[in-house]
Amino acid sequence: MAVKLLEIKKESWPAVRLIGKRYTCAPNWGEWWENDWFSVLEATPCVPENGDAYIGAVHIADGMPERWIGMFFPVGTKVPEGFEAIDIEPLDYAVCYLSGKEGSGDFFAMETHNMCLEALKAESFDRKEGHWCFERYNCPRYTTPDGEGNIILDYGISVR
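Residues numbered from 1 in each chain as written. Predicted model: local features only at pLDDT ≥ 70, side-chain atom pairs only at ≥ 80, totals over all residues. Heavy atoms only, no water.

Enquirer: Mind laying out the overall build of the chain, listing which residues take part and the relevant values?
Expert: Secondary structure summary: the chain contains 3 helices and 8 strands in total. Relative to the 2.2 N^0.38 estimate, which gives 15 Å for 160 residues, the radius of gyration of the chain is 15 Å and therefore close to what a compact globule would have. Projecting the C-alpha coordinates of the chain onto the three principal axes gives extents of approximately 40 × 35 × 30 Å. Each of the 160 residues in the chain was classed as buried or not, and the buried ones make up 43%. For the chain, the proportion of contacts with a sequence separation of at least 24, taken over those separated by at least 6, is 78%. Only carbon and sulfur atoms are counted for the fraction: they give 51% of the accessible area of the chain, which is about 8300 Å². Charged side chains in the chain number 15 positive and 26 negative. The centres of these two groups are separated by 4 Å. (Helix = DSSP H or I, 4+ residues; strand = E, 2+ residues; numbered from the N terminus. Rg over C-alpha atoms; globule rule 2.2 N^0.38 Å. Buried < 20%, exposed > 50% of the residue type's maximum accessible area, 1.4 Å probe, protein only. Contact = heavy atoms within 4.5 Å. Areas by Shrake-Rupley, 256 points an atom, 1.4 Å probe, with all protein chains shown as cover. Lys, Arg positive; Asp, Glu negative; His and termini not counted. Charge placed at Lys NZ, Arg CZ, Asp CG, Glu CD.)

Printed below as a string of structure tokens:
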């Protein structure tokens, strides 16, 4: 596998509002770039845990995966026209910092997810099954490759 797990850190988050677009199938990142939707969200201050990152998130709703693209904001933040929101209760996350080559699909492979789950078990984290997982595309970690062409993706998994 081309993706390496650099470290795992626990983050305790307050309640947040995820504002973006909801998908019941594969999320469409291309339409976000084509429509410049992130610029609309960036006009409102995010929660500090979000930083300047774009978020890809998933949880189980009515027995099925529900995927989102957007950003995290304080609960109560006004939802811009054309967007949706979901409020997420305070949660703890085990955040896996994954390193790999820019453009690698390995970041998003089930093998990588399973590698993170095994690492969480080894670190005695207890996953909250069916709760939120997120990909945090942080600038510059994800957007600026290091000298070896590697970027870092933050992959958070809700834990007890």
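Enquirer: How would you sum up the packing of aromatic side chains? Please name residues and give values.
Expert: For the structure shown, the criterion picks out 18 aromatic pairs. Relative to tyrosine 137, the ring of tryptophan 29 lies with its centre 5.1 Å away and its plane at 70 degrees, an arrangement referred to as edge-to-face. A residue pair is termed long-range when its members are at least 10 positions apart, and tryptophan 29 in helix 1 (residues 29-35) and tyrosine 137 in strand 7 (residues 133-137) qualify at 108 residues. Judged by its relative accessible area of 21%, tryptophan 29 falls in the partly exposed class. What makes tyrosine 137 buried here is its relative accessible area of 12%. Measuring from ring centre to ring centre gives 4.5 Å for tryptophan 32 and phenylalanine 38, while their planes differ by 35 degrees; the resulting arrangement is tilted. In this structure phenylalanine 38 comes out as buried when scored by relative accessible area, which is 2%. Pairwise contacts between aromatic rings join Trp29, Trp32, Trp33, Trp37, Phe38, Tyr54, Phe83, Phe107, Phe108, Tyr137 and Tyr142 into one cluster. Taking NZ or CZ as reference, lysine 21 lies 4.2 Å from the ring centre of tryptophan 37, over its face. (Phe/Tyr/Trp six-rings, centres within 6.5 Å; stacked < 30°, edge-to-face > 60°. Lys NZ or Arg CZ within 6 Å of the ring centre and 35° of its normal.)

Enquirer: Which residues make up the side chain of glutamate 11, and what are the values?
Expert: Looking at where glutamate 11 falls in the secondary structure, it is placed in strand 1 (residues 4-13). Among the polar contacts listed, one links the side chain of glutamate 11 to the side chain of tryptophan 13, at a separation of 2.8 Å. Polar side-chain contacts of glutamate 11 include one of 2.9 Å to the side chain of arginine 136. Other than its neighbours up to four places away in sequence, glutamate 11 contacts Leu91, Asp92, Tyr93, Val95, Tyr97 and Arg136. (Polar contact = N/O pair within 3.5 Å; in protein donor to acceptor, adjacent residues only side chain to side chain.)

Enquirer: Would you mind going over the environment of lysine 78 in detail, with residue names and values included?
Expert: Mapped onto the elements of the fold, lysine 78 is located in the loop between strand 4 (64-74) and strand 5 (84-88). Sequence spacing of lysine 78 and arginine 17 is 61 residues, and the spatial spacing of their C-alpha atoms is 9.6 Å.

Enquirer: Describe the side chain of asparagine 150, and please don't skip the residues or the numbers.
Expert: Within the secondary structure layout, asparagine 150 lies in strand 8 (residues 150-159). A distance of 3.5 Å separates a polar atom in the side chain of asparagine 150 from the backbone nitrogen of lysine 101. What asparagine 150 contacts, discounting residues up to four positions off in sequence, is Ser99, Gly100, Lys101, Thr144 and Pro145.

Enquirer: An account of the sheet that holds strand 8 is needed here, citing residue identities and associated values.
Expert: One open sheet accounts for 8 strands, arranged 1-6-8-7-3-4-2-5; its pairing is antiparallel. A strand with exactly one partner marks an edge of an open sheet, and here the two such strands are strand 1 and strand 5. Ignoring which end each strand starts from, the neighbouring axes of this sheet average 30 degrees apart. For strand 7 and strand 8, the ladder comprises 4 bridges, and the chain directions are antiparallel. Its bridge partner lying in strand 8, phenylalanine 134 is registered against glycine 156. (Pairing = 2+ DSSP bridges. Axes fitted to C-alpha atoms, helices over the stretch in contact; angles between N-to-C directions.)

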